[in-house]
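# Observations on the model geometry
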Amino acid sequence: MQVGEGFLQERYIPMQHFNELHRGSIENLEEFWAEQAKVLDWFKTWDKVLDDSKAPFFRWFVGGELNASYNALDKHIKAGRRNRAAIIWESESGETRTLTYYELYREVNRFASVLKNLGVNKGDRIVIYMPLIPEVVIAMLASARIGAIHSVVFSGFSAEALATRINDAKAKVVITADYLYRRGKALNIKEIVDKALLETPSVESVVVLKRGENGIKMVEGRDYYWHNLLEGAEKYVEPVHVKSNHPLFILYTSGTTGKPKGIVHSTGGYLVYVAKTMEWAWKIRNDDLFWNTADVGWITGHSYLVYGPLTLGLTVMMYEGALNYPKPDRPWEIIEKHGVTIFYTAPTAIRMLMRYGDEWVKKHDLSSLRLLGTVGEPINPRAWKWYYEVVGGRRCPIIDTWWQTETGGYMIYPSAGIQLPPLKPGSTTFPGLGVDADVFRQDGSQAGPNERGLLVIKKPWPGMLLGIWGNDERYIRTYWKRFSRPEEGVWIYYPADYAMKDEDGYFWVFGRADEVLNVSGHRLGTAEIEHALVLHPAVAEAAVIGRPDEVKGEVPVAFVILKEGYIPNERLKLELISYVRETLSPIAAPAEVFFVNKLPKTRSGKIMRRVLKAISTDKSLGDLSTLEDEASVDEIKAALEGFK
Ligand code: 6R9
């Protein structure tokens, strides 16, 4: 299916304009990015656009100096936009707060002064563990203002996970709040911080934002209330001039095996990249209200809730709460109430909202919307269609953005701001300007049209990570070993995703390539089998893992959520198994299918196959703090009872 209606003019200029710009951007990479870097205010211009002398440690805009908080605030104040709304915030209970650029500027300055008074210097690390409230943005920008390095840890993480991150970054200060409100309940998150801080020697002080009425425990000489510290604060703090490659933040990646990786991002290259990709993806307009539902604890929150929009002087909608609480029309109510023009969320949220039925959407006037977006995982065609037809009323193109924590910003996405391609549901369309993406076979040769292979990025881009905090060797091994040929000076970035280019050159990203099964000597991606299962009319969602098998090495095992109206029984189980056998391959046919109501997922919507695997093989479950809902684990355990 190809959806062109509604975006008619694009059909008659078959992407020629975009293709030419794209070719030029890749051929003259440095010249191209030098031009884009004008989106920022630099205190000092760079001497060199791209320094590849220490590849794969690529460095952008070397010699340049700037400040991220200056670019997000002072720049707009000076340009006469001080009374423009920067953040419109709404709580779960419907309380709203609006902060103008000038208000945000004043708060950031005062909080930067607080941090300085606590002894935070340029290059020191600050961990931020807070709910999704404007103060989290204030803390981030205050950190950037004095040249400190922030590491936001998602407030759903456990004390153990928080401690690991604090220790890896050796943070000096932790910023938190007393309470987090979700699903009508107040959670004392300061308690979690206290527990984490039992084993974090680097932490000298804790700043606590007071939200609730009930007092919490404060540790004398270590913990300070935010509002008390403000009393002695200066009104203005000079933004520190940092080098382009001074780290702006560290963000730990979620979910997979082993120790979390501290992804380090630069100041100059990162900001150029997020601001420009924001413009290119969304065709930004002055009256836009951009609502990104991601928490600021993830890269999507960093790049497209804070740094991208604020660097461009836009207005963002920020919502603290669950999207289906108190009722399943919460997002539609917010869009109508505030006049949101761009709604950006994850496929997992779309599927969840879709299950409640169309009536909840139809109750609301969503005519303010002009674009929809998704991120985080491939979107299945059924969810795409629902999003397009029911939410967007067939008027709003869906901007499906493929990228990663490591890439800093969008990589493969429809560039609505330049020329919107006709969309194909499930395809993230084409690499953006300055991005040289391709699909390789396992042996490093180029895959043909419609041939599944591995996604690669063949040239550096300004939003790329500087490295992994404190672990250069792991950085090289994880991202550059797979396909690079250093002796020839060829550096290929490996994102570890399965992908394909179709006959029209559209990119399709299928899922992580590091979840590979080996069945009778054949390599099989769990993502591929899941894809086959969801094509069956009875299946809403599926997760596949490998189970050790004496004969075949490994066999696929599937966990399936059925669509409403389908009854789990033996017959359907056998039908699904033969369906995969027929539509994909006999080796791919699951040895067993379990029907469940929920799958263990990270809060950003990625299936935690590691958890499924541990349950099915009786291994220890390890750290479950990124898990969205523990109930799913118990349910899967129950489903497996009597099986092993
Ligand atoms: C931004 C973000 C990165 C991984 C990535 C891929 C998957 C993200 C996607 C997508 C298909 C999309 N992914 N966006 N897959 N289509 N539009 O999610 O960062 O949390 O680091 O995850 O997410 O597998 O490799 P991060």
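These notes cover the structure that comes with them. Keep in mind it's a predicted model, so treat the numbers as computed, not measured. (Residues numbered from 1 in each chain as written. Predicted model: local features only at pLDDT ≥ 70, side-chain atom pairs only at ≥ 80, totals over all residues. Heavy atoms only, no water.)

### Some details on the site of the ligand
Defined as follows: The nearness test applies per residue and asks whether one of its heavy atoms lies within 4 Å of the molecule or strand. N or O atoms within 3.5 Å of each other form a polar contact, as long as, within protein, one can give a hydrogen and the other can take it, and as long as residues adjacent in sequence are counted only when both atoms are side-chain atoms. Values of accessible area rely on a 1.4 Å probe in the Shrake-Rupley scheme; residue burial ignores everything except the protein chains shown. A run of H or I in DSSP counts as a helix once it spans at least four residues, and a run of E counts as a strand once it spans at least two, with each numbered from the N terminus. Here the nonpolar group is Ala, Val, Leu, Ile, Met, Phe, Trp, Tyr, Cys and Pro; Asp, Glu, Lys and Arg are the charged ones; every other residue, Gly included, is treated as polar.
Of all residues adjacent to the ligand, which total 17 residues, the nearest are D400, T401, T405, D497 and R512. Between the ligand and G376, the relevant distance is 3.0 Å, taken from a nitrogen atom to a main-chain nitrogen or oxygen of the residue. One of the side-chain nitrogen or oxygen atoms of Q404 is found 2.9 Å away from an oxygen atom of the ligand. Within the complex, the protein chains bury 92% of what would otherwise be the 530 Å² of accessible surface of the ligand. Contributing elements (two or more residues each) for the shell around the ligand: helix 11 (299–312), strand 20 (398–401) and strand 25 (507–512). Partitioning the shell around the ligand into residue classes produces 6 nonpolar, 6 polar and 5 charged.

### Considering the sheet that holds strand 28 (residues 539–549)
This is how it is decided: Here a strand pair is declared whenever DSSP counts at least two bridges between the two strands. In this analysis, axes come from line fits to C-alpha atoms, helices being fitted only over the stretch in contact, and the angle between any two N-to-C directions falls in the range 0 to 180 degrees. Residues are treated as being in contact if the distance between any of their heavy atoms lies within 4.5 Å.
Pairing is mixed in the open sheet, where 3 strands are placed in the order 28-29-30. Each of the sheet's edge strands pairs with one partner strand only, and the pair in question is strand 28 and strand 30 (592–595). Strand-to-strand twist across the sheet, computed as the mean angle between neighbouring axes with direction ignored, equals 25°. Pairing of strand 29 (residues 553–562) with strand 30 involves 4 bridges; the strand directions are parallel. Bridge pairing in strand 30 places V560 opposite F595. Docked against the sheet, helix 17 (residues 526–534) engages strand 28 and strand 29, running at close to 140° with respect to strand 28. Running at roughly 55° to strand 28, helix 19 (residues 609–617) makes contact with strand 28 and strand 29 of the sheet.

### Re the side chain of D497
Topologically, D497 is positioned in strand 24 (residues 497–501). A distance of 2.8 Å separates polar atoms of two side chains, one belonging to D497 and the other to W402. Here D497 is in contact with W402, Q404, G453, L454, L455, V509, G511, R512 and A513, once residues within four sequence places are set aside.

### Quick notes on the environment of S93
Heads up, the condition is: Summary of the burial criterion: residues with accessible area below 20% of their type's maximum are buried, those above 50% are exposed, and those between are partly exposed, where the area comes from a 1.4 Å probe applied to protein chains only.
Residue position: S93 is located in the loop between strand 4 (85–91) and strand 5 (96–100). According to the relative accessible area criterion, S93 is exposed, its value standing at 68%. For the pair S93 and E320, spaced 227 residues apart in the sequence, the C-alpha separation amounts to 9.2 Å. A polar contact of 3.1 Å, which involves the side chain of S93, links it to the side chain of S91.

### What about the sheet that holds strand 22 (residues 453–457)?
Strand order in this open sheet of 4 strands is 21-22-24-25, and the pairing throughout is antiparallel. Of all the strands in the sheet, the pair left with one neighbour each is strand 21 (437–440) and strand 25. Each strand axis lies, on average, 45° off the axis of its neighbour in the sheet, ignoring direction. Here strand 21 runs beside strand 22; their pairing, made up of 4 bridges, is antiparallel. The residue bridging A437 from the neighbouring strand is I457, located in strand 22.

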